[in-house]
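Single-letter residue listing:
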Amino acid sequence: MVPYYIRGSTTGGFMEQEQPSFLRIIGEELVDYRIRSRYYHPKYVRTLDLVGSERVLEFGCGGGCMSRALSRALRPDGRLTCVDISEYWIKKAQRRLHAFSNIEFLAGDITRLEVPDNSHDAVVIHFVLHEVDPAVRIDVVNALAKTLHAEGTLFIREPAHPPHGIPVAEVEALMRDAGLREHHAGCTRSWRWGRICNGVFLKSW
Ligand SMILES: C[S@@+](CC[C@H](N)C(=O)[O-])C[C@H]1O[C@@H](n2cnc3c(N)ncnc32)[C@H](O)[C@@H]1O
């Protein structure tokens, strides 16, 4: 059964996540995992200023490109929880990152997974929310905000151009409606994606 919470689109429908094309698999392996996850993702993770002992939840970890950089930024007393709705991609991430002892993997819908409330210091969303059906984005952000402890931080980076993107104003509105306070939100330019929305939001409840 196709779950309702992944947007069926020309760029990332459910079947594409569970049975990616040969080109998608090769592209992800060569470009995303072998190159971007070594050079670009660690650069982004450095901007998060993690001290290393945090409990971090990565929403939509895919094949683990960002997870590798995040787990390296965490010490053994830190913890990374990788969540993805796709069993295909989370199994791939699990295989790739089996040597890291500070990661746990959860396959499923964040609104149903029952991750304990107030259990994480930070949530990282990297190129995921634009793939979630607009009708349920607020449920997803609410669920993620609940997993943060008081004064936790949500970091988000998304392509900003619809249809394969989400406008920064929508990201700001979703965070506000979920009770998160904006610390910073803005756009940068990328040769590959055009405008990219980069935001940091704080919980204070
Ligand atoms: C473009 S990939 C990004 C992967 C990773 N965050 C990165 O930047 O390397 C998007 C991922 O989001 C996942 N995803 C899409 N909708 C989701 C949802 N509702 N809940 C959890 N994961 C979702 C997809 O399965 C896919 O693995």
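Cut-off values and rules
- Throughout this description, residue numbers start from 1 for each chain and increase along the sequence as written.
- In keeping with the model being predicted, local features are shown solely for residues with a pLDDT of at least 70 and side-chain atom pairs are shown and tallied solely at 80 or more, while totals for entire chains, interfaces and linings include all residues.
- Put simply, DSSP marks the helices as runs of H or I at least four residues long and the strands as runs of E at least two long, and each gets a number from the N terminus on.
- The size measure is the radius of gyration over C-alpha atoms, and the globule rule it meets is 2.2 Å times the number of residues to the 0.38 power.
- Comment: burial labels come from other C-beta atoms within 10 Å of the residue's own C-beta, placed from the backbone, where a count of 20 or more is buried, 12 or fewer is exposed, and between is partly exposed.
- Here, residues touch in the contact sense if the C-beta positions derived from the backbone fall within 7 Å of one another.
- Residue proximity rests on one test: whether the C-beta atom, placed from the backbone, lies within 6 Å of the molecule or strand.
- Residue type decides the class: Asp, Glu, Lys and Arg count as charged, Ala, Val, Leu, Ile, Met, Phe, Trp, Tyr, Cys and Pro as nonpolar, and the leftover types, Gly among them, as polar.
- In this description, a nonpolar core means buried residues of the types Ala, Val, Leu, Ile, Met, Phe, Trp, Tyr and Cys, linked to one another by C-beta atoms lying within 7 Å.
- Note: two strands are recorded as paired if DSSP finds a minimum of 2 bridges between them.
- Only the stretch in contact is used when a helix axis is fitted, and all axes are lines through C-alpha atoms; the angle between N-to-C directions ranges over 0 to 180 degrees.

### Details of the overall build of the protein
From N to C terminus, the protein includes six helices and seven strands. The secondary structure elements of the protein, listed N-terminal to C-terminal, are α-α-β-α-β-α-β-β-α-β-α-β-β. Relative to its length of 205 residues, the protein is compact, with a C-alpha radius of gyration of 16 Å against a globular reference of 17 Å. Taken over the C-alpha atoms alone, the protein extends approximately 45 × 35 × 35 Å along its principal axes. Considering the protein as a whole, with its 205 residues, one finds that 38% of them fall into the buried category. Sequence separation of 24 or more characterises 68% of the internal contacts of the protein that already satisfy a separation of 6 or more.

### Some points on the site of the ligand
Not every one of the 21 residues close to the ligand is listed here, only the nearest: Gly60, Gly62, Cys65, Ile85 and Ser86. Those elements that place two or more of their residues in the shell around the ligand are α3 (65-73) and β2 (79-84). Broken down by class, the residue content of the shell around the ligand amounts to 13 nonpolar, five polar and three charged.

### Quick notes on the environment of arginine 95
Tracing the chain through its elements places arginine 95 in helix α4 (residues 87-96). Distance from arginine 95 to glycine 63, taken between C-alpha atoms, is 9.2 Å for residues 32 residues apart in sequence.

### Details of the nonpolar core
Formed by 47 residues in total, the largest nonpolar core has its most connected members in Phe59, Leu70, Val123, Val124, Leu144 and Leu154. With five residues, the single largest contributor to this core is helix α5 (residues 137-147).

### Looking at α3
Most of α3 is tucked away: seven of the nine residues are buried. Turning to α3, its buried residues number three or more, namely Cys65, Met66, Ser67, Arg68, Ala69, Leu70 and Ser71.

### A closer look at the sheet that holds strand β5 (residues 148-159)
Here seven strands make up an open sheet; going across it, the order is β3-β2-β1-β4-β5-β7-β6 and the pairing mixed. The two strands at the open ends of the sheet, each matched to only one other strand, are β3 (103-107) and β6 (180-190). Along the sheet, successive strands turn relative to each other by an average axial angle of 15 degrees, direction set aside. In this sheet, strand β7 (residues 194-203) lies alongside β6 in antiparallel orientation, the contact comprising 10 bridges. Bridged to threonine 188 within β7 is isoleucine 196. Sheet strands in contact with α5 are β1 (55-59), β4 (120-126), β5, β6 and β7, and its direction is about 140 degrees off that of β5.

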